[in-house]
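Structural overview
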Amino acid sequence: MLATDERDDDRSLPELAIDLLPDVGMSDRFDAQKTHDAVDLPQPTNFTIFSDVGLPNPFKRASSAAPEMWVYSVEDGLAVGSARSEVVLDAEGRYLPYVTRAPYLAPLFHDIETEKLRGTALMVRTPGAVMFSHWLYDLLPRVEAARLAGFGPDQVDHVLVNGQKFGYEFETLRAMGYREEQIKHVDGSSGPIHADRLVVPTYPRATEKSKFTPDWARAMVRSLFGIGGDPEHRPARPKVAYLSRQKAYRRKIVPHDQLDAFLGDYDAVWLEPEKVSVREVAHELRDAALFLGPHGAGLANGVFLPSWAGAIEIIGSQFMLEHFHVLTSSTSHYVGVTAADEGDDVFTEAAIARMRTRTNTENQELDIHLDHDRTEQALAWARDFLDRY
């Protein structure tokens, strides 16, 4: 997969990919329409990390290049595999560059027999989109690119997505004009997808390490719920919104008394994403001054904050520091506060060794143990931030 800043000529991404991989049935004759130009997004500078350990700038580990976007339309199209090993072929068995993630498998599937979907199918099965954050910033922008290329809800018979059939999936696609009967969940176990016409957009980010979301994609997500720019008037008193996981089965914050006291001082709005719609969360955050919560996909709702808001992410030692800030990249200041791991300081050799004995799933399910001093530092920053509101 190509990062745009590594290219030394002005050919399109599909054209360049053809030259790089000429021996596996590629062709330069695909019906593809470009919908977005490549952009190089600025590295964020508005962040603070509270930790007892010296940490490098975490954002330099993520590419800031966002690629050009294309939308392919092929007759008798075939998609095989899963979101992470997709193979997309046209009627002649040629794989589509950039949306085929496992091109070396393409020759295996050319003559495969499978039931065909009648009409036009929009394939936006996307890596990571079983999670809210990737659904919001990776899958939905592909649906929007298809609309810009002339394949909106009125031109598409089926929209093929991966996911877990959560309420937000249907809510956001309805906001984009799709009816529930058009939505079809497909994953690796669904088998090959064959359609009279298969429409497949490319991806809005250059690589999975490129977590910066292009401005147009953030603006599109905001617009789904009637949010444009910043509100004309700020509330008289700064609004604090807290994303709670205290009733979740994993990644709860313990102990919670420091946060309880702070949130009580500001009459904070408590949000439990499982119990409210995306629209309700969006309209609570559109004029919030501060948004805080534990690491988790729900922090991707930070896209709905005004540009002058601040955000605090409470991070366990097993989590990447840059993940949600670089996804939203839109608040005036972002704070990460590192928590302790089972009583040890974060990122100590003992904590890291213990983390490596567990699977990623086990690490994700750990509760976040607050370090008292670092939490006080972060909350002192928050009080000062709100005093200057």
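Procedures and definitions
Residues numbered from 1 in each chain as written. Predicted model: local features only at pLDDT ≥ 70, side-chain atom pairs only at ≥ 80, totals over all residues. Heavy atoms only, no water. Helix = DSSP H or I, 4+ residues; strand = E, 2+ residues; numbered from the N terminus. Contact = heavy atoms within 4.5 Å. Areas by Shrake-Rupley, 256 points an atom, 1.4 Å probe, with all protein chains shown as cover. Buried < 20%, exposed > 50% of the residue type's maximum accessible area, 1.4 Å probe, protein only. Polar contact = N/O pair within 3.5 Å; in protein donor to acceptor, adjacent residues only side chain to side chain. Core = buried A, V, L, I, M, F, W, Y, C linked by side-chain atoms within 4.5 Å. Pairing = 2+ DSSP bridges. Phe/Tyr/Trp six-rings, centres within 6.5 Å; stacked < 30°, edge-to-face > 60°. Axes fitted to C-alpha atoms, helices over the stretch in contact; angles between N-to-C directions. Parallel < 35°, antiparallel > 145°, perpendicular 65-115°, else oblique. Left-handed = near helix turned anticlockwise from the far one by under 90°. Nonpolar A, V, L, I, M, F, W, Y, C, P; charged D, E, K, R; others polar. Right-handed = clockwise from strand over helix to strand, strands pointing away.

**What about the overall build of the chain?**
Helix and strand counts for the chain stand at 10 helices and 17 strands. A separation of at least 24 residues holds for 74% of the contacts in the chain among residues at least 6 apart in sequence. Total accessible area on the chain is roughly 17000 Å²; 49% of this is exposed by carbon and sulfur atoms.

**Considerations on the environment of A378**
Mapped onto the elements of the fold, A378 is located in helix α10 (residues 372-387). Residue classification places A378 among the buried residues on the basis of a relative accessible area of 3%. In sequence terms A378 and I312 are 66 residues apart; their C-alpha atoms lie 7.9 Å from each other.

**Points about the environment of H185**
Along the polypeptide, H185 turns up in strand β9 (residues 183-185). Classification of H185 by relative accessible area gives buried; the value is 18%. Spatially, the C-alpha atoms of H185 and V159 are 8.4 Å apart, while their sequence positions differ by 26 residues. For H185, the contacting residues outside a window of four places in its chain are V161, N162, G163, Q164, K165, E169, F170 and S190. A polar contact is formed between the side chain of H185 and the side chain of E169, at a distance of 2.6 Å.

**Overview of the nonpolar core**
Counting 46 residues, the largest nonpolar core has L122, L140, L285 and F304 as its most contacted members. The residues touching L122, leaving out its near neighbours within four places in the chain, are V143, A146, V156, H158, V159, L160, Y178, V199 and P201. Counting residues in each nonpolar core, the second largest holds 24 residues, with A268, W308, I312 and W381 among its members.

**What to know about the environment of A297**
Mapped onto the secondary structure, A297 falls in the loop between β14 (290-294) and β15 (310-315). The spatial distance from the C-alpha of A297 to the C-alpha of H134 is 8.4 Å, given a sequence separation of 163 residues.

**Concerning the pairing of strand β11 (residues 240-243)**
Side chains V240 and Y242 project from β11 onto one buried face, and the interleaved A241 and L243 project onto a second face that is buried too. As paired elements, β11 and β14 share three bridges and run parallel to each other. By the bridge assignment for β14, Y242 is matched with L292. Both β11 and strand β13 (residues 269-271) contribute to a ladder of three bridges, which runs parallel. Following the sheet pairing, Y242 is matched in β13 by W270.

**What to know about the packing of aromatic side chains**
For the structure on display, the rule yields nine aromatic pairs. Centroid distance W135 to Y168: 6.2 Å. Interplanar angle 75°. Geometry classified as edge-to-face. You can see W135 sitting in helix α2 (residues 132-148) and its partner Y168 sitting in helix α3 (residues 167-175), a full 33 residues away along the chain. Accessibility expressed as a relative area gives 14% for Y168, which makes it buried.

**Some remarks on the packing of α2 against α3**
α3 packs onto α2 with a crossing angle of 30° between their chain directions and a minimal axis gap of 11 Å. Our classification of the angle between α2 and α3 gives roughly parallel. For the element pair α2 and α3, the recorded crossing hand is right-handed. Listed contacts from α3 to F132, W135, L136, L140 and V143 of α2 are Y168, E169, T172 and L173. Residues belonging to the contact of α2 with α3 are distributed by class as follows: seven nonpolar, one polar and one charged.

**Details of the pairing of strand β8 (residues 158-161)**
Residues of β8 alternate between two faces, with H158 and L160 on one and V159 and V161 on the opposite face, all of them buried. Summarising the sheet, strand β7 (residues 116-123) and β8 pair through three bridges and their orientation is parallel. Across the sheet, residue A121 finds its bridge partner in β8, namely H158. In terms of strand pairing, β8 meets β9 through three bridges, oriented parallel. Along β9, the bridge assignment pairs V161 with H185. On the question of chirality, the crossover connecting β8 to the parallel β9 by way of α3 is right-handed.

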